[in-house]
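Residues per chain, in single letters:
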Amino acid sequence: MILRFKMLRLLVAMAVVCCGGGFVHASGWEWQELPEAVAKGGKSASVELPAGCQEFILEGNLGFGGNHMGGGLDRQRWTIDLLDKDNRPLRRITAVYGTRALYDGFSDSRYLEMSLDSVSADGALVCLDRNELHNERELYGRNNTLTIDNAGGKLRIWLGKEGGVYVLGGAGMDGVSALRFGGTKSMSLKDTAIKWRRDPASRLRTAWKPEELEMLCAEEPTAGLAGTWRFLDRDTDVRWASPGGRYTLAVVPHDGDKVPDTAPANGDAPAFDIIYLAGAETNGSRWSSGMIKGYLYATPFSNHYDVVWYDSFFEEMGDEVTADLADGAILTFSFPLYKAVLRFVKNN
């Protein structure tokens, strides 16, 4: 994790030099720096996120004033709210400092109590995670690196020196437009960089309607590649990858008017489009019937295809993915770089 955050810093620095503060990665991610913000004790300050930001990883230098020696921070606290477009909090991160006497009666231990709460429309808090941290060297200094990772349907928070330690996590959310922070003492957020992208699911949405797909698949011959396919079984190594669900898919002849533009393989358009119908488990709430799951490209070999496949987080699975049709009834997808095989059986 530390390496990833250092790379985020490096990429932002490169963006400032090359592109005036931000650039777009091929996968739709963008990087940029955010302005410094300071909140005096008892007050709050806000940092706006880029317009259209859907998923993000944010890293900044969090400073909290006051006497950090002895019990100087006892009962002091700070909060960070993740706000929607109407400035209503969606999640709240809270930190409370304290000191607890040890069993020997002569020494004590300083701690930082962290909590992550979901905030309802009426302001009620629902606890998602809590943690009590005792690493004074990493967490009790005046400045800590704060990392907030809201991507892939998860919210994860790190805090501390040199990339920090993982402290909290819970369900992620869409529609975060700003951070609002403040504490009982002066607080700052400086040297902040963000890696972000717009809704990654939007680029996989198609013009297909479920009833159109059902009608088209019913018209296709039962022994061909086109039609409806349901998950049969798998051969995977969980250390490398695991299926995102027990998918039901439609395979239809490529229709450039129905699906998003895609980069051709070897200069050719896809022969077939793979359309998601149902069965997503990982990130399932963001998948809807009619989205692109992948593309099949013809090869010189009968019933063997090159494949572009999108994983449960809408990312391409990379090169060397292939598919093979056996007996017109079994469709096998092979992912050699991930040591995985998925098999589907013809549903009609």
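Residues numbered from 1 in each chain as written. Predicted model: local features only at pLDDT ≥ 70, side-chain atom pairs only at ≥ 80, totals over all residues. Heavy atoms only, no water.

Regarding its fold elements, the chain presents 3 helices and 22 strands. When each of the 348 residues of the chain is scored for burial, the buried share is 47%. The contacts of the chain with a sequence gap of at least 6 include a subset with a gap of at least 24, amounting to 60%. Carbon and sulfur atoms make up 51% of the accessible area of the chain, which amounts to about 17000 Å² in all. (Helix = DSSP H or I, 4+ residues; strand = E, 2+ residues; numbered from the N terminus. Buried < 20%, exposed > 50% of the residue type's maximum accessible area, 1.4 Å probe, protein only. Contact = heavy atoms within 4.5 Å. Areas by Shrake-Rupley, 256 points an atom, 1.4 Å probe, with all protein chains shown as cover.)

With that settled, the discussion passes to the pattern of salt bridges. Going through the model one piece at a time under the given rule, you end up with 12 salt bridges. A salt bridge links Asp149 to Arg156; its shortest N-O distance comes to 3.6 Å. A relative accessible area of 25% places Arg156 in the partly exposed class. Through salt bridges with shared partners, one network takes in Glu55, Arg197, Arg286 and Glu315. (Salt bridge = Lys/Arg side-chain N within 4 Å of Asp/Glu carboxyl O.)

Of all 7 residues in strand β11 (residues 154–160), 5 are buried, a share of seventy percent or more. For strand β10 (residues 143–151) and β11, the ladder comprises 7 bridges, and the chain directions are antiparallel. Pairing of Thr145 across the sheet is with Gly160, part of β11. Hairpin connection from β10 to β11: 2 residues lie between these consecutive antiparallel strands, with Gly152 at a positive phi of about 65 degrees. Here β11 pairs with strand β12 (residues 165–171) via 6 bridges, running antiparallel. Within the sheet, the bridge partner assigned to Leu155 lies in β12 and is Gly170. (Pairing = 2+ DSSP bridges.)

This part is about the environment of Leu168. Residue placement: Leu168 occurs in strand β12. Separated by 40 residues in sequence, Leu168 and Leu128 place their C-alpha atoms 8.7 Å apart. Once residues within four sequence positions are removed from consideration, Leu168 is found in contact with Ile93, Met114, Ser115, Leu116, Asp129, Arg130, Asn131, Leu155, Arg156 and Ile157.

Paired through their backbone hydrogen bonds, the strands of a sheet run either parallel or antiparallel. Ordered in space as β15-β16-β17-β18-β19-β20-β21-β22, the 8 strands form a closed barrel in which the pairing is antiparallel. When strand polarity is set aside, the average angle formed by the axes of neighbouring strands in this sheet is 30 degrees. Across 3 bridges, the pairing between strand β19 (residues 304–309) and strand β20 (residues 322–326) is antiparallel. If you follow Tyr305 over to β20, its bridge partner there is Ala323. Contacts from helix α3 (residues 210–219) reach β15 (227–236), β16 (245–253) and β17 (272–280) within the one sheet, and its direction differs from that of β16 by about 70 degrees. (Axes fitted to C-alpha atoms, helices over the stretch in contact; angles between N-to-C directions.)

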